[in-house]
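# Overview (structure and organization)
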Amino acid sequence: MLDTLMLSRIQFATNISFHILFPTITIALCWILFFFKLRFDLTGNPVWMRAYRFWVKIFALTFALGVVSGITMSFQFGTNWPGYMEKVGNIAGPLLGYEVLTAFFLEATFLGIMLFGIKRVPSRVHTFSALVVAIGTTLSAFWILALNSWMQTPAGYEIRDGVVHATNWLQVIFNPSFPYRLVHMLLASGLTAAFFVAGLSAYRILKGDEKQAPRLALKTGLILAAVLAPLQAFVGDLHGLNTFEHQPQKIAAMEGVWETEQGAPLLLFAIPDEETRSNHLAVGIPKLASLILTHHSDGEIRGLNTFEGDHPPVKPLFFGFRIMVGMGLLMMAIAWVGCYLLRKPQVPRTFLKVLVAMTFSGWVATLAGWYVTEVGRQPWLVTGILTTADAVTPVAPANVGLSLTLYLIVYVILMWAYIHTLKRMALKSVYVEEFETNEPAPDGSLTNLPESKIAGGTR
Amino acid sequence: MNSLSAISSSGDWLPVVFIGLMGLAVLAYAILDGYDLGVGILLPMGEQDEWQRDTMIASIGPFWDANETWLVLAIGLLLIAFPAAHSLILMHLYIPVAIMLIGLIMRGVAFDFRAKAAVDHKLAWDRTFKIGSLVTTLTQGYMLGQYVMGFDQSLPALLFCGISALGVTAAYSYIGAAWLVLKTESSLQTRAVRWTRAAGRASLVGVVAVCLINPLVNPGVFDRWFTFPLVMFVLLIPTLCFLGFVANDILLRRLPKEADRHCGVPFAIVVGIFTLCFSGLGFSFFPDIVPGQLSIWEAASARESLQFILVGAVVVVPMILMYTAFSYRVFRGKATDLHYH
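Heads up: these notes are all about the structure in this document. (Residues numbered from 1 in each chain as written. Chains lettered and ligands numbered in written order. Predicted model: local features only at pLDDT ≥ 70, side-chain atom pairs only at ≥ 80, totals over all residues. Heavy atoms only, no water.)

Time to look at the pattern of salt bridges. Side chains that differ in sign of charge can pair as their charged atoms come close. Counted according to the given criterion, the structure contains 20 salt bridges over all chains. The shortest N-O distance in the salt bridge between E304 of chain B and R160 of chain A comes to 3.8 Å. Taken as a pair, E304 of chain B in helix α15 (residues 303–330) and R160 of chain A in strand β1 (residues 157–160) lie in two separate chains rather than in one. Between D249 of chain B and R197 of chain B there is a salt bridge, and its shortest N-O distance comes to 3.4 Å. Of this pair, D249 of chain B sits in helix α12 (residues 236–254) while R197 of chain B sits in helix α9 (residues 186–217), and the two are 52 residues apart along the sequence. Taking relative accessible area as the criterion, D249 of chain B reaches 14% and is therefore assigned buried. Connected through salt bridges with shared partners, the residues E50, R53, D54, R114, K122 and D126 of chain B form a single ionic network. (Salt bridge = Lys/Arg side-chain N within 4 Å of Asp/Glu carboxyl O. Helix = DSSP H or I, 4+ residues; strand = E, 2+ residues; numbered from the N terminus. Buried < 20%, exposed > 50% of the residue type's maximum accessible area, 1.4 Å probe, protein only.)

Right, let's get into the nonpolar core. In this structure, W55, Y84, M114 and Y418 of chain A together with F18, F82 and I289 of chain B are the most contacted members of the largest nonpolar core, which totals 198 residues. Per element, the largest residue contribution to this core is 21 residues, and it comes from helix α2 (residues 46–80) of chain A. By size, the runner-up hydrophobic cluster in this structure holds 27 residues, among which are M331, M332, A335 and F351 of chain A. (Core = buried A, V, L, I, M, F, W, Y, C linked by side-chain atoms within 4.5 Å.)

This part covers the interface of chain B and chain A. With 63 residues of chain B in contact, the opposing surface of chain A contributes 76 residues. Both sides of the chain B and chain A interface together cover about 6,300 Å² of buried area, and 77% of this is carbon and sulfur. The tally of links between chain B and chain A comes to one salt bridge. At the surface where chain B touches chain A, the tally comes to 10 residue pairs in polar contact (both at pLDDT 80 or more). When its residues are assigned to classes, the side of chain B that touches chain A shows 42 nonpolar, 14 polar and seven charged. (Contact = heavy atoms within 4.5 Å. Buried area = accessible area lost by both parts, 1.4 Å probe. Polar contact = N/O pair within 3.5 Å; in protein donor to acceptor, adjacent residues only side chain to side chain. Nonpolar A, V, L, I, M, F, W, Y, C, P; charged D, E, K, R; others polar.)

So, on to a positive patch on the surface. Among the surface-exposed residues, K207, R349, K353 and K423 of chain A lie close enough to one another that they form a single positively charged patch. Among the secondary structure elements, K353 of chain A is positioned in helix α11 (residues 349–357). (Patch = residues over 30% accessible without salt bridge, like charges linked within 9 Å, V, L, I, M, F, W, Y side chains within 5 Å. Areas by Shrake-Rupley, 256 points an atom, 1.4 Å probe, with all protein chains shown as cover. Lys, Arg positive; Asp, Glu negative; His and termini not counted. Charge placed at Lys NZ, Arg CZ, Asp CG, Glu CD.)

Residue and element names in this part refer to chain A. Secondary-structure assignment places H311 in the loop between β6 (300–301) and α10 (314–341). Side chain to side chain, H311 and R277 meet in a polar contact 3.0 Å long. The contact partners of H311, leaving out residues within four places of it in the chain, are Q249, E274, R277, L304, Q378 and P379.

Here the focus is unusual backbone geometry. Here Q378 of chain A and P379 of chain A are connected by a cis peptide whose omega angle stands at 5°. Not every positive phi belongs to a glycine, and D161 of chain A is a case in point at roughly 50°. Mapped onto the elements, D161 of chain A comes out in the loop between β1 and β2 (163–166). Given a relative accessible area of 79%, D161 of chain A falls into the exposed group. If you check the backbone angles, S186 of chain B has positive phi at about 50° while not being a glycine. Within the secondary structure, S186 of chain B is located in helix α9.

Rendered as structure tokens:
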């Protein structure tokens, strides 16, 4: 029978996993939208506006799902993890507070103007609103990742009367793992949004959309992905080195290093076994893990044996890490091939199908990465300060079971509705909306329909 | 007054500032999300009502997201400033909170899905919007009742929570309907005037019920309110509140007027009533953050944390108020069809 601790962990994982899917798209998608709108303002080319108009609807839907699933998160701490706030509330509270104050109101208010205000404010003010929403979503990531990183690598605090107090807020915010985790996550968002945009645009083209806008969006997505993917590999490596320094037990589990080893191989595949504390069917490249992590082929990697009883479960980290890296490499390869194919007059249909299949590839990589880093913190909730077991609520398991069941049902329905609606919106844009197969004149009508000159603004 | 002496004796004014900020956030939430929840509750579901539903939802479209953020701020401030109270309250209200969140999720997404789903699904999402709004207001009212009753689960207490659930729902419908009087025209506005009157009367019954029961079951509250000579002064609150209800009812009988004069007055009056009721509630319990169990000083978090967030709040809250005002200015006037661009 599952106890309150396990149910609460599953519920938190469910809520945060469902939630993170949407911000991962919207953080970067908003910058892409700002780019579209800015290009329209600068060039007057209406194709940019059409691309903006399609994607802003997708953005609104995705953002709404992020907002509502995020409200759930703000209640989770109190309902399921009261020990967390009692112990580290002095740190977590202000960081969450700053997120609400500086990010949530900003993005929510200007989102209203961005979505519905184009007829009511000048175009530049509208573009500015899109910029503010993009800044808001990024600020939100800044604060929440500051808190998450602090839980991984706490700094700038002291413990008085059993409760954590802040001594230096700059050290709290810019704790050792924060810069790496923030950049890693923002790039992950960029890649996720890039493949999302490319995938949905490829779907439109496959369904017979002759218009320019999806091709433009496809190009934007592919180029963005091709640039960000190698950057992400680089930053990911730095993040790994940082983790190696501050949370070596996490790295040991990720690499499946059971005994301290010099010249450790990079395992491409293995099945870690917690019972025998060894790997089965290991296939690896000799010395590569040591080379990557210590920059010496004979460098030492501390094994799990030095952390016995105080290290995370190995299997989820070992496999999660390989899923993330594998997906990242696949994304990089596809983005580069795509950029090469863009030079042709028509992108081949087979490649478009590949892109459709990759629409949500960023979700897979992001979730896998988060599972590695969050499970990798166990058994601690806040490294060295508070264990997960000590923070859990005394509420009865039946209550947690009930709320978890309710959330699961709602999330399954919402995910189905979300994907279904994305498909519908893409199909609708193929058949309805404006028809423009030729490159429109810069000062021409927006829709090739009467009464829609640019001068009139806006439809 | 003992609460004032408590302030001076403890010498710690930060928790007082934060309870003030939190009060502001809760009141802003009740008014702002109140009207959009109310609009959701009032959504007419007939087949011929589709254009009215579209207009009603258009009237809250640019605002609902920011409105809901006040809830996040309120719960965030509770968490930041009074972590002990946060844990205590949310543990007691575990299941109603979960249900309320599901209500909020359903209405939040229905809002977007209805505009984008296939035509044959639109009605289903409208129903989801209405039901989600109703679930949210009922659970909020229930939780308010539980909070006032000190989380008592006995039958009379639950009965009170039931009254409170209906009362809060009526109050949200009241402010939602008044919002529609302000933001809509023609037959929908006429309908909204009718809704406002009905919801106003229902709210009055709810407020009177809560006002009578609360002091009777909470001796502390009774003493607070009915201590001479303070009683002469504080009784202004219920008196003004009652006058507000009556004046609004009389005004609504004459609406809509020519050239749409006074269409914003009912909303302004309801905002006044909300503010008065809220001050009454605050007056009943201050300085307790959990009535009879925990005062704001006992629950407050560390000084350096409160100072750190206060600096931010002093800078940022005025900015929030300013751009919120800007947004309401941009979308002033009657609601028109929503177009995403």
